[in-house]
Amino acid sequence: MNMRKPLRPSPTALLNPRSDPTFKTLFTQNTPESNDALRDLISAMLGKAVRSIKLLPNEPPKKSRTEKQMAFDVHCVLENGEPAEIEMQGRDKEHSYAGRAEAHAARLLAHATRRGESWKDIPKVYQLSVLNFTYDSGDKSAFSWYTMRKKASGRNEDEKGLSLNERLNVIYLELTKIRRLRHKPVAQLTKLERWGMFLAYADKPEMQEYLHAILAAEECIMKANEILEEISVDEANWYLQNAYDDWERDQLEAAALKEENAREYQKNVQERQKILQDRKKILQDRQKLTQDQQKIVQDQQMIVQDRKKILQDQQKLTQDRQKIAQDQQRLTQDRQKIVQDQQKLTQDQQKLSQEQEMLEQEKTMLEREKHLAMERGVHAHAKETAKRLLGIGLSETQVAESVGLSIEEVRQLQQD
């Protein structure tokens, strides 16, 4: 008969208190030791002594069908009536744990508010989270307390605004930052840091010597360790833890796959957007090319029109040149005619000059003839007068002086 292999790795192996089912089992045992351990852990996180706590159902009732169902890891109420919920969170699911913690705190506050109760009597509520991941990498402190305050104004982002009523409180203990203190002497650790060391290393054999010093200093942590040793014997708890670890692993793989699919989807979306942008650019380029081609066609049409106009202008220029040539021919002919006319005019002028010369000569001859005629007439008249004067007895000298004849001419007349 085959023996089933035990789930516990070794007879001294302890369950992992950072595993959700182990954390719940550790702090919800119906024993004084478990109750003391839970009370001491909550006291350390709240920074005040909690005398007693009462465990409540970890699933608060929904007030409406649309309200989201929530499950608290450990749900309790302090002795003063203040509700608290403490849970172990192994990873920041979808990077939205802060929203989850606020929602849990708000649900606690909503269920703590009684109808007809004075607003002054509303209790404070505490959402306590032990985180096995780093929530705020910019803060070196492993412990963080959040409440509702007025938002900082101005340039100083670290300025603390006025707090409301501090009814809603969210508190974190980050184990990743606690682990940095593992070389610090136990005597120098605070109670909360010792609790953090226990939760971070309780299942680690190599840290048992360090943890024994913590257990010797803290009675309630010792009780928690004893409970852990006790429940680690039960195979059912190992089954629950392994099942939860497998589920967490599947969740991580699914989340990784989802993130990978999201990245791939985002990449595909970006590639599609790029393709769309490229197509849009190609369409724009085609539209621009079409516009350019239309412009080219318009330019070509304008060139054709310009060429037609140039041809018409050339034809007109040719006609103008022909007309100019004809005008030049006519001008040449006119010039030739003018030259001929000038030559003829010159000839006419020469002829006229000759005629004028001849006329002048004739005029001179006429003048001469006239003068001669006149002279002849005068001379003849003078001779007749001289004859009459001589007849009346005037002397030759007196006659010559009177008629203008010479003495010889008067004597000749007397002789005749």
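These figures come from a predicted structure and were not determined experimentally.

Participant: Kindly report on the sheet that holds strand 3 (residues 83-89), identifying the contributing residues and their values.
Facilitator: If you walk across this open sheet you meet the six strands as 1-2-3-4-6-5, and the pairing is mixed. Strands at the two margins of the open sheet, each flanked by one partner only, are strand 1 (53-56) and strand 5 (143-147). Averaged over all pairs of adjacent strands, the angle between strand axes in this sheet comes to 20 degrees, irrespective of strand direction. Alignment of strand 4 (residues 125-131) against strand 6 (residues 168-174), held across seven bridges, turns out to be parallel. What sits directly across from Val125, in strand 6, is Leu168. Against the sheet, helix 1 (residues 20-27) engages strand 1, strand 2 (74-78) and strand 3, with an angle of about 140 degrees to strand 3. Contacts from helix 2 (residues 32-46) reach strand 1, strand 2, strand 3, strand 4, strand 5 and strand 6, with the element oriented near 100 degrees to strand 4.

Participant: Quick rundown of the pairing of strand 2? Include the residues and the values.
Facilitator: Among the five residues that make up strand 2, five are buried, leaving the element largely enclosed by the rest of the structure. Burial along strand 2 is two-sided: Val74, Cys76 and Leu78 facing one way and His75 and Val77 facing the other are all buried. As defined by bridge partners, strand 2 adjoins strand 3 across four bridges and the pair is classed as antiparallel. The partner of Val77 across the bridge, within strand 3, is Pro83. Linking two consecutive strands that pair antiparallel, namely strand 2 and strand 3, is a turn of four residues; a positive phi of about 85 degrees is found at Gly81 within it.

Participant: I'd love a proper account of the nonpolar core, names of residues and values included.
Facilitator: Counting residues in hydrophobic clusters, the biggest one holds 51 residues, and the most contacted among them are Phe27, Met45, Trp195 and Phe198. With residues up to four places along the chain from it excluded, the contact list for Phe27 reads Ser34, Ala37, Leu38, Leu41, Leu55, Val74, Trp195 and Leu199. In terms of nonpolar packing, the next biggest core, distinct from the first, is built from 13 residues, Ala105, Val125, Phe133 and Tyr172 among them.

Participant: Break down helix 1 for me, with residues and values.
Facilitator: Taking burial as the measure, the eight residues of helix 1 include seven buried ones, the bulk of the element. Along helix 1, the positions that sit buried rather than exposed are Asp20, Pro21, Thr22, Phe23, Thr25, Leu26 and Phe27.

Participant: Provide a residue-level description of the pattern of salt bridges, including the pertinent values.
Facilitator: A side chain with one charge may pair with a side chain of the opposite charge, provided their charged atoms come close. Scanning the model with the defined rule gives 21 salt bridges in all. With its nearest N and O atoms 3.1 Å apart, the salt bridge here joins Asp203 to Arg18. Of this pair, Asp203 sits in the loop between helix 5 (191-201) and helix 6 (208-217) while Arg18 sits in the segment before helix 1, placing them 185 residues apart in sequence. Asp203 sits in the buried class, given a relative accessible area of 19%. Residue class for Arg18 comes out buried when judged on its relative accessible area of 9%. The partner of Glu218 in a salt bridge is Arg194, and the shortest N-O contact between them spans 2.8 Å. Within this pair, whereas Glu218 is found in the loop between helix 6 and helix 7 (219-231), its partner Arg194 is found in helix 5, the two being separated by 24 residues in sequence. Of the two residues examined, Glu218 and Arg194, each falls in the buried class. One network of salt bridges, in which partners are shared, links Asp36, Arg39, Glu219 and Lys223.

Participant: Break down the packing of aromatic side chains for me, with residues and values.
Facilitator: In this structure the tally under the stated criterion is 11 aromatic pairs. Ring plane angle 55 degrees and centroid distance 4.9 Å describe the contact between Phe23 and Phe27, whose orientation is recorded as tilted. One end of the pair is Phe23 and the other is Phe27, both in helix 1 and four residues apart, which spans about a single turn. Both residues of the pair, Phe23 and Phe27, belong to the buried class. Pairing Tyr244 with Trp247 gives two aromatic rings, centres 5.6 Å apart and planes at 35 degrees, and the pair type is tilted. Taken together, the residues span about one helical turn, with Tyr244 and Trp247 both in helix 8 (residues 235-391) at a distance of three residues. Residue Trp247 is classed as partly exposed on the basis of its relative accessible area of 38%.

Participant: If you had to explain the packing of helix 5 against helix 6 to someone new, which residues and values would you point to?
Facilitator: Any two packed helices are characterised by how steeply their axes cross, that is the angle between the axes, and by the distance between the axes. The N-to-C vectors of helix 5 and helix 6 enclose an angle of 140 degrees; their axes lie 10 Å apart at closest approach. Viewed along their axes, helix 5 and helix 6 adopt a mutual orientation that is oblique. Crossing hand, helix 5 versus helix 6: left-handed. Within the contact between the two elements, helix 5 uses Arg194, Met197, Phe198 and Tyr201 and helix 6 uses Gln208, Tyr210, Leu211, Ile214, Leu215 and Ala217. Considered class by class, the residues forming the contact of helix 5 with helix 6 number eight nonpolar, one polar and one charged.

Rules of the game
- Residues numbered from 1 in each chain as written.
- Predicted model: local features only at pLDDT ≥ 70, side-chain atom pairs only at ≥ 80, totals over all residues.
- Heavy atoms only, no water.
- Pairing = 2+ DSSP bridges.
- Helix = DSSP H or I, 4+ residues; strand = E, 2+ residues; numbered from the N terminus.
- Axes fitted to C-alpha atoms, helices over the stretch in contact; angles between N-to-C directions.
- Contact = heavy atoms within 4.5 Å.
- Buried < 20%, exposed > 50% of the residue type's maximum accessible area, 1.4 Å probe, protein only.
- Core = buried A, V, L, I, M, F, W, Y, C linked by side-chain atoms within 4.5 Å.
- Salt bridge = Lys/Arg side-chain N within 4 Å of Asp/Glu carboxyl O.
- Phe/Tyr/Trp six-rings, centres within 6.5 Å; stacked < 30°, edge-to-face > 60°.
- Parallel < 35°, antiparallel > 145°, perpendicular 65-115°, else oblique.
- Left-handed = near helix turned anticlockwise from the far one by under 90°.
- Nonpolar A, V, L, I, M, F, W, Y, C, P; charged D, E, K, R; others polar.

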